Amino acid sequence: MYYYILNPSAGRGRVNSIQDKLRDRLDALGIGGEFAKTTGPGDATKMAESAIAKGFNTIVAVGGDGTLNEVINGVTRDKVAVGVIPIGQTNRLAYHLGIGDWQQACEVLAARRLVGYNLIAAGQNYFLSELSLGFETGLEEQSNDQESNTLRQKASVLRSNWKQAKDFQPLVCRMRVDERYELEAPLFNLTIANQKFENPLLDNKLVITITEKPSKTGLVSYVLGKSTGAEASTRIKATRVSIDVSPQVGVMIDSKIAGSTPVTVKLTDRQIRFITEKQTNGVQA
Amino acid sequence: MAKKDDILGVSSADTVIGSGVKVKGNLISEGDVVVDGLMSGNIKAGGNITLGVNAHVLGDVIGQNVRVAGTLNGNISASESTSITETGEVAGDIATTILNVESGALFIGTSKMKRSVPAEIIEEAT
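Report follows, based on the coordinates. (Residues numbered from 1 in each chain as written. Chains lettered and ligands numbered in written order. Predicted model: local features only at pLDDT ≥ 70, side-chain atom pairs only at ≥ 80, totals over all residues. Heavy atoms only, no water.)

Side note on the overall build of chain B
Helix and strand counts for chain B come out as 2 helices and 16 strands. Burial status across chain B gives 42% buried among its 126 residues. If you take every contact in chain B between residues at least 6 apart in sequence, the share linking residues at least 24 apart comes to 5%. If you sum the accessible surface of chain B, you get close to 6500 Å²; carbon and sulfur atoms cover 51% of it. (Helix = DSSP H or I, 4+ residues; strand = E, 2+ residues; numbered from the N terminus. Buried < 20%, exposed > 50% of the residue type's maximum accessible area, 1.4 Å probe, protein only. Contact = heavy atoms within 4.5 Å. Areas by Shrake-Rupley, 256 points an atom, 1.4 Å probe, with all protein chains shown as cover.)

Some thoughts on helix 5 (residues 102-111) of chain A
Residue and element names in this part refer to chain A. Along helix 5, the positions that sit buried rather than exposed are W102, A105, C106, V108 and L109. An end-on view of helix 5 places all buried positions within 165° of arc, on one side of the element. Structurally, helix 5 contributes buried residues whose contacts are with strand 1 (2-6), helix 1 (14-28), strand 3 (58-63), strand 4 (81-86), strand 5 (113-122) and strand 16 (263-275). Two or three places before Q103, at the start of helix 5, stands the capping residue D101, its side-chain oxygen 3.2 Å from that residue's backbone nitrogen. Looking one or two places after helix 5, you find R112, whose phi comes out positive at around 55°. (Arc of directions from axis to C-beta. Polar contact = N/O pair within 3.5 Å; in protein donor to acceptor, adjacent residues only side chain to side chain.)

Describing the pattern of salt bridges
All names here are of chain A. Counting across every chain of the model gives 10 salt bridges over all chains. A salt bridge links R92 to E130, with the nearest nitrogen and oxygen atoms 2.9 Å apart. Here R92, found in helix 4 (residues 92-96), pairs with E130, found in strand 7 (residues 130-134); they are 38 residues apart in sequence, far enough to count as distant. The exposure class assigned to E130 is partly exposed, which follows from its relative accessible area of 22%. R176 serves as the salt-bridge partner of E179, at 3.2 Å between the closest nitrogen and oxygen. Residues participating in the shared-partner salt-bridge network are R176, E179, E182 and R240. (Salt bridge = Lys/Arg side-chain N within 4 Å of Asp/Glu carboxyl O.)

Things to note about the interface of chain B and chain A
With 19 residues of chain B at the interface, the matching set in chain A holds 15 residues. Buried surface at the junction of chain B and chain A, summed over both partners, amounts to about 1400 Å²; 44% is from carbon and sulfur atoms. Between the two partners, chain B and chain A, sit 2 salt bridges. Where chain B packs against chain A, one counts 9 residue pairs in polar contact (both at pLDDT 80 or more). Elements with a contribution of two residues or more to the side of chain B that touches chain A: strand 1 (15-17), strand 2 (22-25) and strand 3 (27-29) of chain B. Per element, the largest residue contribution to the side of chain B that touches chain A is 4 residues, and it comes from strand 2 of chain B. (Buried area = accessible area lost by both parts, 1.4 Å probe.)

Considerations on the pairing of strand 7 of chain A
Residues and elements named next belong to chain A. Within strand 7, 4 of the 5 residues are buried, which leaves it mostly tucked inside the rest of the structure. Bridging between strand 7 and strand 10 (residues 189-194) involves 5 bridges; their strand directions are antiparallel. Looking across to strand 10, one finds that E130 is bridged to A193. (Pairing = 2+ DSSP bridges.)

Structural measurements only, silent on function.
Written out as structure tokens, the structure is:
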């Protein structure tokens, strides 16, 4: 039984223009179900919990990374499968699951290829894909306050981002890794992801990458969004890391600001089965 | 950066410690390890270990093939080969099958080399 949780504000309201076509396509594929719309932050978590209590065994997030992350935090039973129809502004999670657009997502849901991923805990939040902190979180916090609809607004945002990037003083990051060693590094950006999410054939493991501040040329590409700015200077694998950064910075989880440092991030035993496009040794169900 | 990657094998390594980074404690990895920072502790890898030109390591190193282009104060145990490059300095003992010390390298310690026996000889013996 499929339960679809729609975020009407995802992708600047895109779901409203496609929802009839979406429902028709799902019905045609034999995976129509119950639909519910969120009304604010945190709704998707409560709706997922309630749907599971009612007996639904497949919860589908119709939205972006934020919506899917809320659904993940509401799925408490491992027999439940989770899917996504990406229509948000950022759809990195769907991209990593091999899903490009809503039409493909429908086909993927119907094929029902499942892969189990262990969730990552950061404080009280669970996430699947990526935690990041550093320069990017500063930019994200600022961009939420800045409008960028007109060309003039976009140019103003770019100018502001460039100034921030140029003046950025590297942070100092201290980490305790798997209770085995401590690490101190200058930090421009730090990301933590599950390596299995990049490649389903690998084991669940945290991959922590730290990048230093790029050169001027690299910064230009970075601010223009044409590259990640620099190659990782440090990359380690672990199951648990405790991170402290000075000065304190915000922490972004699955593309959404969710707290600040210090933070402890660990791979949990809690596994969720995702409906994915990727070829794996996963089980059809 | 790309050239540095080619030399150190950064892109393929499981664990990479960059040049501005300090580590205290024991590093254990199933794959290859590249260290180009400061480290106080042992390194144990299932694969190859490379200490870059900027590396200063105080501790023992255990791996398959070990390459030292920086500074190591500690012992090396390499199941296959050990190389100390022209910029490398090792103060410690080395146990390995193949040892390569380049001109300009510094090695203060003793080496114990395991002789590899050709397959034909093992067959004849059995």
